[in-house]
Amino acid sequence: MRLDYKYNKDFTPIEPDIYEKLNWDYDLIVLCLEYIRTEIHTILETESDKIETFLISFSNFLGQNYPAIGIRNKSDTEDCINLDFLKLTKK
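The rules behind the values
Residues numbered from 1 in each chain as written. Predicted model: local features only at pLDDT ≥ 70, side-chain atom pairs only at ≥ 80, totals over all residues. Heavy atoms only, no water. Pairing = 2+ DSSP bridges. Helix = DSSP H or I, 4+ residues; strand = E, 2+ residues; numbered from the N terminus. Axes fitted to C-alpha atoms, helices over the stretch in contact; angles between N-to-C directions. Buried < 20%, exposed > 50% of the residue type's maximum accessible area, 1.4 Å probe, protein only. Salt bridge = Lys/Arg side-chain N within 4 Å of Asp/Glu carboxyl O.

A. Quick look at the sheet that holds strand β3 (residues 65-73). Within the open sheet, the three strands sit side by side as β1-β3-β2. Their pairing is antiparallel. The open sheet has two free edges, formed respectively by β1 (12-14) and β2 (51-59), since each of these has just one partner strand. Mean inter-strand twist for the sheet, computed between neighbouring axes without regard to direction, equals 40°. Pairing of β2 with β3 involves nine bridges; the strand directions are antiparallel. Within β3, the position partnered with F54 by the bridge is G70.

B. Main features of the pairing of β3. Of all nine residues in β3, eight are buried, a share of seventy percent or more. As judged from the three bridges shared by β1 and β3, these two strands associate in the antiparallel manner. If you follow P13 over to β3, its bridge partner there is G70. Between β2 and the antiparallel strand that follows it, β3, lie five residues; G63 among them carries a positive phi value of about 85°.

C. Just the pattern of salt bridges, in detail. The tally for this structure, following the rule as stated, stands at three salt bridges. Taking the shortest distance from any N to any O, the salt bridge between K21 and D17 comes out at 3.9 Å. Considered together, K21 and D17 belong to a single accessibility category, that of exposed residues. Of the charged contacts in the structure, one is a salt bridge between R37 and E34, with a shortest N-O distance of 2.7 Å. One end of the pair, R37, and the other, E34, are both in helix α2 (residues 26-43), three residues apart, so they sit about a helical turn from each other.

Everything listed is a geometric property; what it means functionally is a separate question.
As structure tokens, then:
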């Protein structure tokens, strides 16, 4: 099995505006992100077999890590879903 490192790095981060509202409680943030991740197909109105979603450790410009959601098209799909960051943020 060949690993495609470029594919493993390509994703769009989703950072819902919940961190301050949850007082940076990482356990609660991860629970909320996991719920959003499981419902992302209905939120984005797309088929679940066309995208992959996963929790990631993201970092800001200061190097501080925090949880977020990663989303990308599945590699074996012929149709690409437009994962426009601005549209994702609005939804």
